[in-house]
Amino acid sequence: MTRAAIALGSNLGDRLGHLEAANEALESVGRVVATSPIYETAPIGGPEQGSYLNAVTVIDTELAPRALLDGLLDIERSRDRERTEQWAPRTLDLDLLLYGQETVDEPGLTVPHPRMVERRFVLDPLLDVWPDAALPDGTALQGFREGVADQTVERFIDESGFKPWTALAVFLIFNIAAVIIWRIILLF
Ligand code: A4P
Ligand code: MG
């Protein structure tokens, strides 16, 4: 069993839906240990494009690195990921950041992910859920935080749960409280 970290990113279509679906689907490649908060992040590289939602999920897996990557690519396809140019906008990107303390360097698979230490949209969520994560040579990833501090990321707050009936309930409670207070005042 190996502990692995997966980066999730989306900046096309139903971004939150893609990340939530990916998290559920990750159960098919391992046991989900922890899921980070979601961050809204400014795009880095590539053509002009919209902001991303990024997160990191940590899993324990029995799959070898290549089989795990194949599983991740299957999940991307299930969310209609299309590959055009590098760093193009995407419905879902799943990157294998860390696979235990192993190093993999083969065609089509490099672990640790070669650009992870340059990106705040990876380091912040990763360190939220795996604070002592380290590179295979033992270098703590916390040490790279300072170098990416100028990149813009902020915690994403999902406001879609604030449905009209929630507003109605708040309105009614507020009014009932006002009537009760008014009655109490009238008693004096
Ligand atoms: N590949 C090799 N190693 C890995 C690995 N460890 N994990 C290969 C995943 N894939 C790996 O990836 C190209 C190929 O990389 C895959 O077929 C796989 O065999 P891709 O997802 O098709 O292309 P890409 O993502 O455009 O390229 P790349 O170079 O992997 O991009 P990055 O570095 O992942 O950057 N800005 C914000 N704010 N948030 C983002 O999430 N993401 C990117 C993509 C750029 N800017 C961003 C974000
Ligand atoms: Mg990718």
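Scoring rules and cut-offs
Residues numbered from 1 in each chain as written. Chains lettered and ligands numbered in written order. Predicted model: local features only at pLDDT ≥ 70, side-chain atom pairs only at ≥ 80, totals over all residues. Helix = DSSP H or I, 4+ residues; strand = E, 2+ residues; numbered from the N terminus. Rg over C-alpha atoms; globule rule 2.2 N^0.38 Å. Buried ≥ 20, exposed ≤ 12 C-beta atoms within 10 Å, placed from the backbone. Contact = placed C-beta atoms within 7 Å. Pairing = 2+ DSSP bridges. Domains from an automatic or database assignment. Near = placed C-beta within 6 Å. Nonpolar A, V, L, I, M, F, W, Y, C, P; charged D, E, K, R; others polar.

K.L.:
Got a minute to help me understand the overall build of the chain in this structure?
P.N.:
Helix and strand counts for the chain stand at four helices and eight strands. Sequence-ordered secondary structure for the chain, helices as α and strands as β, is β-α-β-β-β-α-β-β-β-α-β-α. Over its C-alpha atoms the chain spans a radius of gyration of 21 Å, topping by over 25% the 16 Å that the globule rule assigns to 188 residues. Each principal axis of the C-alpha atoms in the chain carries an extent, and together these give about 80 × 35 × 35 Å. Counting across all 188 residues of the chain, residues that qualify as buried make up 31%. Within the chain, residue pairs in contact and separated by at least 24 positions form 71% of the contacts whose partners lie at least 6 positions apart.

K.L.:
Can you walk me through the pairing of strand S4 (residues 52-61) in this structure?
P.N.:
Along any regular strand, the residues point their side chains to alternate faces of the sheet. For S4, the tally of buried residues reaches eight of ten residues, placing the bulk of the element in the interior. Sheet analysis places strand S1 (residues 2-10) next to S4, joined by nine bridges and oriented antiparallel. Counterpart to Leu8 in the pairing with S4 is Ala55.

K.L.:
Even after reading the chapter, I still don't get the domain arrangement of the chain, so can you show me in this structure?
P.N.:
Often, the extent of an interface is quoted as the loss of accessible area on bringing the components together. The domains assigned to the chain are domain 1 (2-156) and domain 2 (164-188). Domain 1 and domain 2 are separated by 47 Å when their C-alpha centres are compared.

K.L.:
What's the story with the site of ligand 1 in this structure? I'm lost.
P.N.:
What surrounds ligand 1 is a group of 23 residues, the closest being Gly9, Thr41, Tyr52, Leu96 and Gly108. Looking at the shell around ligand 1 residue by residue, the class counts come to ten nonpolar, nine polar and four charged.

K.L.:
Sorry, what's going on with unusual backbone geometry here?
P.N.:
For residues that are not glycine, phi is negative in most cases, and the peptide bond is trans in most cases. With omega at -5 degrees, the peptide bond leading from Val111 into Pro112 counts as cis. As for its position among the elements, Pro112 is in the loop between strand S7 (109-111) and helix H3 (120-129). Its identity as a non-glycine residue notwithstanding, Asp80 has a phi of 55 degrees, on the positive side. Locating Asp80 in the fold gives a position in the loop between helix H2 (65-78) and strand S5 (93-99). Despite not being glycine, Trp87 shows a phi value in the positive range, around 65 degrees.

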